[in-house]
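# A closer look at the structure
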Amino acid sequence: MRSPAFRHWPLVALLALLLVTGCGDPTSSGAGSAAEPTDATPAARPTAVAASSAATPRLPVTVKDKDGQEVTVGDASRIVPLTGDIAEIVWALGLGANVVGTDTSATYPPEARELPKIGYQRQLSAEGILSLRPTVVIGDEAAGPPAALEQLRAAGVPVVIVPDPPSLETPARKIRAVGEALGVGAEGEQLAAQTQAEIDAALALAARATGKPKVMFLYVRGAGTQSIGGKGTSADALIAAAGGVDAGTAVGITGFKPLTAEALAAAQPEVLLLLSAGLESIGGADGLLQIPGVAQTPAGQNRRVLAYDDLYLLGLGPRTGQALRDLTLALHPELR
Ligand code: MG
């Protein structure tokens, strides 16, 4: 029998937390997300795609994966998502309790971080995954290397790889594909429709923008890795959808090119867009302005720097509509 004091400890802890944080609104959720600009029309705020309650897979199913190969999944009791975006989808479909391991890019929901790690999505080792005794592994095209996936197939594990092109149609397609492969097609259909509705609402908002700012996506990881994004990247797709012009694409960059003062001078970006962890790795906006050429761009002069969580902004998962809406409002003061 627990003592009354012990029974009330969660309340005590909550009160202590409220005092410490100075947060007077106990209804505000603790869910972290990128900075959200205020909006005059709160009714238009899309419903959050919360992790749904537990779903029951209807199996077996046979699906075609990205190469047209048939894969039969007979058991989804031990799932290993190979990539962070697919992990987020698995949780959103109500199958989080069945996940037995995740890769290091699986940062959302927070529970995904607490499971045994299988390495990073592009550098997986089959041995680590097999030690978790998965009944199915599922990832997007980032999952690899191919030899590791072959080893999993050879060991008799169903391997499902879903397409992940950098397009605003991808989130709904990926959600449907994951739902089908894991025997929760109806849940997948519902989540895909909701996600697409949020994306469509964000696109309609972006269509009302009058400005078209030049936005440059910078992928940075400390001083060693600093590149400019361009054509064919998911950042380019998000920037265009949010009513901006991708500054890297505009100066002929395809994929990623090293960040140089010359490229910055040629592109003249008005806004710099980064991932939160990347911006942190160089000491925030102050550190960013120290990179040669940055301070001379219009973005640097006006300190127009935006940063969002990696999976939130570029994962092309269930939160894409919310990320697109945040980016649209941040790029267009006229819409706020
Ligand atoms: Mg992906």
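Residues numbered from 1 in each chain as written. Predicted model: local features only at pLDDT ≥ 70, side-chain atom pairs only at ≥ 80, totals over all residues. Heavy atoms only, no water.

### Notes on the overall build of the protein chain
As a reminder, the rule being used: Every helix listed is a DSSP run of H or I at least four residues long, and every strand listed is a run of E at least two residues long, numbered separately from the N terminus. Summary of the burial criterion: residues with accessible area below 20% of their type's maximum are buried, those above 50% are exposed, and those between are partly exposed, where the area comes from a 1.4 Å probe applied to protein chains only. Note on definitions: a residue-residue contact is assigned when non-hydrogen atoms from the two residues lie within 4.5 Å. Here the open area of atoms and residues is found with the Shrake-Rupley method and a 1.4 Å probe, where only the protein chains shown may cover a residue.
Secondary structure summary: the protein chain contains 15 helices and eleven strands in total. For the protein chain, with 336 residues in total, the buried portion stands at 48%. Taking contacts inside the protein chain between residues at least 6 apart in sequence as the whole, the part at least 24 apart equals 64%. If you sum the accessible surface of the protein chain, you get close to 15,700 Å²; carbon and sulfur atoms cover 57% of it.

### Some remarks on the pairing of strand E10 (residues 271-275)
Remark: a regular strand shows side chains that alternate across the two faces of the sheet. Put simply, the test is: Any two strands are treated as partners once DSSP identifies two or more bridges connecting them.
Across the five residues that make up E10, a large majority, five, are buried. Taking every second residue as pointing to the same face, both faces of E10 are buried, with Val271, Leu273 and Leu275 on one and Leu272 and Leu274 on the other. Relative to E10, strand E6 (residues 214-221) is paired through three bridges, and the arrangement is parallel. From the neighbouring strand, Met216 faces E10, where its bridge partner is Leu272.

### Overview of the coordination of the magnesium ion
So the rule is basically this: Metal donors: N, O and S atoms at distances within 2.8 Å, or within 3.2 Å for Na, K and Ca, with water omitted from the atom set so that some sites may seem incomplete.
The protein atoms donating to the magnesium ion are Asp85 (OD), Asp140 (OD) and Asp164 (OD), with metal-donor distances spanning 2.0 to 2.5 Å. Between the donor residues of the magnesium ion, the gaps in sequence give the motif D-x54-D-x23-D. Here Asp164 lies in the loop between strand E5 (159-162) and helix H6 (170-181) and Asp140 lies in strand E4 (residues 136-140), a separation of 24 residues in the sequence. Asp140 gets classed as buried once you look at its relative accessible area, which sits at 2%.

### What to know about helix H5 (residues 146-154)
Selection rule: What the arc measures is the spread of directions leading from the helix axis to the C-beta atoms.
Of the positions making up H5, those classed as buried are Ala148, Leu149 and Leu152. The arc enclosing the buried residues of H5, seen along the axis, measures out at 100°, which places them on a common side. Facing away from the buried side of H5 by more than 90 degrees, the exposed set consists of Pro146, Ala147 and Ala154. Gly156 lies just past H5 and shows a positive phi near 90°.

### Thoughts on the packing of aromatic side chains
For the record, the criterion: Here the aromatic set is Phe, Tyr and Trp, taking the six-membered ring for Trp, and pairing holds for ring centres within 6.5 Å; pairs whose planes are under 30 degrees apart are stacked, those over 60 apart are edge-to-face, and all others are tilted. In our convention, an over-ring charge means Lys NZ or Arg CZ found within 6 Å of a ring centre and within 35 degrees of that ring's normal.
According to the stated counting rule, one finds two aromatic pairs in the structure shown. Between the aromatic rings of Phe217 and Phe256, the centroid separation amounts to 6.3 Å while the plane-to-plane angle is 65°, which identifies the pairing as edge-to-face. Within this pair, whereas Phe217 is found in strand E6, its partner Phe256 is found in strand E9 (residues 256-258), the two being separated by 39 residues in sequence. Taken together, a centroid distance of 6.3 Å and an interplanar angle of 65° make the contact between Tyr219 and Phe256 edge-to-face. Of the two residues, Tyr219 is situated in strand E6 and Phe256 in strand E9; the sequence distance between them amounts to 37 residues. The class of Tyr219 is partly exposed, set by a relative accessible area of 28%. Aromatic ring contacts, followed pair by pair, group Phe217, Tyr219 and Phe256 into a single cluster. Sitting over the face of the ring of Tyr108, Arg319 holds its NZ or CZ atom 3.5 Å from the ring centroid.

### Topic: H6
The cut-off we apply is this: What a helix should span is 1.5 Å times the count of its residues minus one.
The terminal C-alpha atoms of H6 lie 16 Å apart, and with twelve residues this matches the ideal 16 Å at 1.5 Å per residue to within 8%. When H6 is considered as a whole, its buried residues turn out to be Thr170, Pro171, Ala172, Lys174, Ile175, Val178, Gly179 and Ala181. Taken from the residues just after H6, Gly183 is the one with a positive phi, measuring 75°.

### Quick look at the pattern of salt bridges
Heads up, the rule is: We define a salt bridge as a contact between a side-chain nitrogen of Lys or Arg and a carboxyl oxygen of Asp or Glu at a distance within 4 Å.
The tally for this structure, following the rule as stated, stands at nine salt bridges. Here Asp85 makes a salt bridge to Lys174, at a shortest N to O gap of 2.6 Å. With Asp85 in helix H3 (residues 84-92) and Lys174 in helix H6, this residue pair connects regions lying 89 residues apart in the sequence. Just as Asp85 is buried, Lys174 falls in that class too. Lys174 is the partner of Asp164 in a salt bridge, and the nearest nitrogen-oxygen pair spans 2.8 Å. Of the two residues, Asp164 sits in the loop between E5 and H6 while Lys174 sits in helix H6, which places them ten residues apart along the sequence. Take Asp164: its relative accessible area is 21%, and that puts it in the partly exposed class. Taken together, the shared-partner salt bridges in this structure form one network comprising Asp85, Asp164 and Lys174.

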